[in-house]
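Spelled out from the first residue to the last, the chains are:
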Amino acid sequence: MRYLPLTETDRREMLGVIGVKSVDELFRDVPESARRDGLVDLPRRKGELEVERILGRMAGKNVSAGSVPFFVGAGAYRHHVPASVDHLIQRSEFLTSYTPYQPEITQGTLQYLFEFQTMVAMITGMDVANASMYDGSTGCGEAVLMAHRVTKRRKAVLSGALHPQYAEVVKNLSDFADHELEIMPPVLPGTAEDIASRICDKTSCVVVQTPDFFGELHDLRALADAAHAKGALLIAVVPEILSLGAVTPPGEMGADIVVGEGQSIGNGLNFGGPYVGLFATREKYVRQMPGRLCGETVDADGNRGFVLTLSTREQHIRREKATSNICTNSGLCCLAFTIHMSLLGEEGYKRLARINHAAASKLADRLAKVPGVEILNRNFFNEFTLRTPKPAVEVVDALADKGVIGGVRASRLLPGVKEVEDLLIVASTEINTEEDRAAYEAALREVL
């Protein structure tokens, strides 16, 4: 029996207060093409056992990441997660923990958040990090808003090699806040981007990514100097946080804010989430940092303890002084990151990064030998872009038919951009074996 507490009169009254004639008007911003006309094509009623069988057959049509050679990246990466990580986060005191509303009582939560912050600050080369964001993309949006507050300017310039979904999040926030935004056109590996010339006296920040959307690594020093000369901040985005085990961290190259995606450490692909956003900055900007900050202290008896040092959202301070409405951190994902990093240690983190780079280099060498294939990158970490003699959408589908998930076609995330229709973004991590790489090369030779 359906429970419908509202009468038709109740609905009409609510719609009248809102100022619309029907419920359908509430969805007017959703394009017609994205709306479903009628019911979902499913049986109206089935028994529980029948439902399990139907859904099981439907799920069986998917190809899981672990069942075939898998080379997908572009912001989400398949890495090995030690069994100890999953075992520890499923302990009841961790699995049910939530945002610390009475923080000093939850010393265990505060301690692992403090350790997490310390790790993030160290690997990014920054002074201070917060207790995590929802994911890398929302962290990027919050970084731009923070730069506006720090500089008291309203314009952001985004690199054309920034992940398109990160750029969309920034655009969404900018549109609703009436901020000015300039997104540079897509820039392919090996092509120079003169983003420094776009910095003016109205620019609050420049947003760049390394490794970028196409896998290219960048030296940010010159751009940092150019931004600072104009009074702007440099925001560095690192969607593959493992790369910082092998390259110079953005903080040492002059970045003012570093945003990252921590999914690669301790967190599986999980169908696209939940993930864990990393956010670090200079100490002088700490009061404009979104989210919360945990600190270390001593109690009345001199014992080590932890406190919630900074939490500048509307629920905690006057609304006009709030830095964001971030209401929680990705606590369990953040704990998984912390446990995995603790198990790796500094040397293990660096060694894992070297293994990833070696795996990608071996794959690039193999694929470069396939007739018609061109590797575009001059330098990369564990991900690179290749140009194929056929449209990448055809290549990806043909590879999948041969049991190889060959990467992400750039046109999927940059629709309508003709220059990327034959580009395939390929990632190779420690998960991939020599057999996987051989299978990819053989399949690619066949489909081309």
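Presented here is an overview of the structure given in this document.

Right, let's get into empty space enclosed by the protein. In the structure shown here, the tally under the stated rule is three cavities of 30 Å³ or more. Its volume calculated, the largest cavity comes out at about 70 Å³. Taken together, 14 residues make up the lining of the largest cavity; nearest its centre are Tyr77, Pro211, Asp212, Gly215 and Glu383. Considering only residue class, the lining of the largest cavity consists of six nonpolar, five polar and three charged.

Another point: helix H5 (residues 107–124). Look at H5: 26 Å from first C-alpha to last across 18 residues, which is about the 26 Å you get at 1.5 Å a residue. Looking only at H5, the buried set comprises Thr109, Leu110, Tyr112, Leu113, Phe114, Phe116, Gln117, Met119, Val120, Ala121, Ile123 and Thr124. With its phi angle positive at about 75°, Gly125 sits one or two positions after the end of H5.

Among the six residues of strand S5 (residues 233–238), six are classified as buried, and the element is accordingly described as predominantly covered. Residues Leu233, Ile235 and Val237 line one face of S5 and the alternating positions Leu234, Ala236 and Val238 line the opposite face, and both faces are buried. In this sheet, S5 lies alongside strand S4 (residues 203–209) in parallel orientation, the contact comprising five bridges. Bridge pairing links Val207 to Ile235 in S5. Taking the sense of rotation as the criterion, the β-α-β connection linking S4, helix H8 (residues 221–229) and S5 turns out right-handed.

The step from Thr210 to Pro211 runs through a cis peptide bond, and the omega angle for that step is -10°. Structurally, Pro211 can be placed in the loop between S4 and H8. Here the residue pair Gly273 and Pro274 is connected by a cis peptide bond, since its omega of 5° sits within 30 degrees of zero. The phi torsion at Lys152 lies on the positive side, around 60°, for a residue other than glycine.

Moving on, we get to the pattern of salt bridges. Counted by the stated rule, this structure contains 20 salt bridges. For Lys350, the salt bridge identified is with Glu346, shortest N-O distance 3.2 Å. Residue Lys350 and its partner Glu346 are located together in helix H9 (residues 331–368), separated by four residues, close to a single helical turn. Residue Glu441 is joined to Arg366 by a salt bridge in which the shortest nitrogen-to-oxygen separation is 2.4 Å. Taken as a pair, Glu441 in helix H12 (residues 434–447) and Arg366 in helix H9 lie far apart in primary sequence, 75 residues in all. Exposure remark for Glu441: the relative accessible area of 12% places this residue in the buried category. Under the relative-accessibility criterion, Arg366 is labelled partly exposed at 22%. One network of salt bridges, with partners in common, ties together Arg366, Glu434, Arg437, Glu441 and Arg445.

Thresholds applied
Residues numbered from 1 in each chain as written. Predicted model: local features only at pLDDT ≥ 70, side-chain atom pairs only at ≥ 80, totals over all residues. Heavy atoms only, no water. 1 Å grid on protein atoms, 1.4 Å probe; cavity = no way out; pocket = protein on both sides within 12 Å on 5 of 7 lines; lining within 4 Å. Points joined across faces, edges and corners; volume = space filled by probe spheres on them. Nonpolar A, V, L, I, M, F, W, Y, C, P; charged D, E, K, R; others polar. Helix = DSSP H or I, 4+ residues; strand = E, 2+ residues; numbered from the N terminus. Expected span 1.5 Å × (residues − 1). Buried < 20%, exposed > 50% of the residue type's maximum accessible area, 1.4 Å probe, protein only. Pairing = 2+ DSSP bridges. Right-handed = clockwise from strand over helix to strand, strands pointing away. Salt bridge = Lys/Arg side-chain N within 4 Å of Asp/Glu carboxyl O.

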